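An overview of the molecular structure
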Amino acid sequence: MNEAGVGDLDAVADRLERAGSAVALTGAGVSAPSGIPTFRGEDGIWETGFDERDFHIGRFETDPAGFWRDRLDLHEAMLPGDVSPNPAHDALADLEARGHLDAVLTQNTDGLHQRAGSERVLELHGSNRAVECRACGQTAAAEPVRERVRAAVESGGEAGENPPTCGECGGVLEPAVVLFGEVLPRQTFREARELAAGSDLLLAAGSSLTVHPAASLAAETRGSLVVVNAESTPADGRADHVLRGDVADVLPALRDRVLE
Ligand code: NAD
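Attention in this report is confined to the structure presented alongside it. (Residues numbered from 1 in each chain as written. Predicted model: local features only at pLDDT ≥ 70, side-chain atom pairs only at ≥ 80, totals over all residues. Heavy atoms only, no water.)

Now for the sheet that holds strand 5 (residues 139–141). Across the sheet, three strands lie side by side as 5-4-6; this open sheet has antiparallel pairing. Either end of the sheet is taken by a strand with one partner, and the two such strands are strand 5 and strand 6 (173–177). In this sheet, adjacent strand axes meet at a mean angle of 40 degrees when their direction is disregarded. The pairing of strand 4 (residues 126–133) with strand 6 spans four bridges and is antiparallel. Bridge pairing links C133 to L173 in strand 6. Helix 4 (residues 64–78) contacts strand 4 and strand 6 of the sheet and is inclined by roughly 35 degrees relative to strand 6. Sheet strands touched by helix 7 (residues 142–155): strand 4, strand 5 and strand 6. Its angle to strand 4, the strand with the most contacts, is close to 70 degrees. (Pairing = 2+ DSSP bridges. Helix = DSSP H or I, 4+ residues; strand = E, 2+ residues; numbered from the N terminus. Axes fitted to C-alpha atoms, helices over the stretch in contact; angles between N-to-C directions. Contact = heavy atoms within 4.5 Å.)

In this section: the site of the ligand. In the vicinity of the ligand, 28 residues are found, and the nearest of them are Q107, D110, H125, S207 and S208. Residue N229 places a side-chain N or O atom 2.9 Å away from an oxygen atom belonging to the ligand. Take D246: an N or O atom from its side chain is 3.0 Å from a nitrogen atom of the ligand. Protein burial of the ligand: of its 850 Å² of free accessible surface, 92% is covered by the chains. Counting atoms within 2 Å of the grid points, the majority share of the ligand lands in the largest pocket. Looking at side-chain class alone, the shell around the ligand contains eleven nonpolar, 13 polar and four charged residues. (Near = heavy atom within 4 Å. Polar contact = N/O pair within 3.5 Å; in protein donor to acceptor, adjacent residues only side chain to side chain. Areas by Shrake-Rupley, 256 points an atom, 1.4 Å probe, with all protein chains shown as cover. 1 Å grid on protein atoms, 1.4 Å probe; cavity = no way out; pocket = protein on both sides within 12 Å on 5 of 7 lines; lining within 4 Å. Sits in = over half its atoms within 2 Å of the grid points. Nonpolar A, V, L, I, M, F, W, Y, C, P; charged D, E, K, R; others polar.)

Once that is clear, we can look at the side chain of S224. Here S224 is to be found in strand 8 (residues 224–229). S224 gets classed as buried once you look at its relative accessible area, which sits at 9%. In this view, S224 contacts R15, D200, L201, L202 and D240; residues no more than four positions away in its chain are not counted. (Buried < 20%, exposed > 50% of the residue type's maximum accessible area, 1.4 Å probe, protein only.)

With 15 residues, helix 4 should cover 21 Å at 1.5 Å per step; its first-to-last C-alpha distance of 20 Å lies within 8% of that length. The set of residues buried in helix 4 consists of P64, G66, F67, W68, D70, R71, L72, L74, H75 and M78. Buried-residue contacts for helix 4 involve helix 3 (57–62), strand 4, helix 7 and strand 6. (Expected span 1.5 Å × (residues − 1).)

Now for the pattern of salt bridges. All chains considered together, the criterion is met by 22 salt bridges. One salt bridge connects D51 with R53, and the closest N-O pair in it is separated by 2.5 Å. Accessibility expressed as a relative area gives 24% for D51, which makes it partly exposed. Look at R53 and you get exposed, because its relative accessible area is 63%. With its nearest N and O atoms 3.0 Å apart, the salt bridge here joins R255 to D256. Look at D256 and you get partly exposed, because its relative accessible area is 41%. The network of salt bridges with common partners includes D54, R59, D63, R69 and D70. (Salt bridge = Lys/Arg side-chain N within 4 Å of Asp/Glu carboxyl O.)

Before going further, it helps to spend a moment on the packing of helix 5 (residues 87–97) against helix 9 (residues 247–259). The geometry of helix 5 relative to helix 9 is characterised by a closest axis approach of 7 Å and an angle of 25 degrees between their N-to-C directions. In terms of their interaxial angle, helix 5 and helix 9 are classed as roughly parallel. The two elements helix 5 and helix 9 meet at a crossing, and its hand is left-handed. Where helix 5 approaches helix 9, its residues P87, A88, D90, A91, L92, D94 and L95 are matched on the opposing element by V247, A248, L251, P252, R255, V258 and L259. A breakdown of the residues in the contact of helix 5 with helix 9 according to their chemical character gives eleven nonpolar, no polar and three charged. (Parallel < 35°, antiparallel > 145°, perpendicular 65-115°, else oblique. Left-handed = near helix turned anticlockwise from the far one by under 90°.)

Now the structure itself:
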């Protein structure tokens, strides 16, 4: 991997310091140093036997119990134990706290930006910490629901509940994440577009920038586009700076230059 050069970092730090408004657009690569696999790339979860078609809204609608069983396996493969924010999350939280970043627009559903202390986090693809009733819209914490599904799978249906249902109305519960084939939360996406369009600098970090419409936010900035990623992305050609490297190195180095 080509590491981000010192000159590039200095130039980006300078732009960030002078930017009246800046936002970060983050992807799965920002959580990779916390031990959470990405979807794509050579270590991506789709290379390990999971099939993205199993997590499509159509599968949920026709086979909610099968969907939930596979979803539980995916969840356990992605979040095998307790995970914590890493230095990349910390760097973005520090930049926000010191007034150099207005918001984090994230494709991640793991809540690690918030745990690192970022305050304005727009979850473009929802949250894996919640579930939502398809019938009445009631939301609830996800983990107790996953426990019910786990018990049902392990007992062959003797215990637990799969598919899990709503305590209020009996409707089927769905993870509060954007499934393949679903639209993004309208209000959140509108707000994210406004923030991106009004930014003097957009820092796209740890994202393959291939999942739309979230990736299209990178093109909305009226100012500079900076891409920080381990691999090339389709936006590199129109980026003002590309910092190739590990987000857990590059983002703290950038923070240190801006805050020093
Ligand atoms: P992606 O999997 O398409 O791309 C991740 C990118 O991060 C890759 O280009 C990879 O090269 C890069 N990367 C990996 N480790 C890195 C590191 N340490 N430093 C720098 N770059 C690194 O992810 P995406 O663009 O976010 O889109 C995928 C979709 O996957 C999103 O919809 C998101 O909701 C979902 N997802 C979320 C999580 C999570 O919540 N943590 C994890 C996996 C996937």
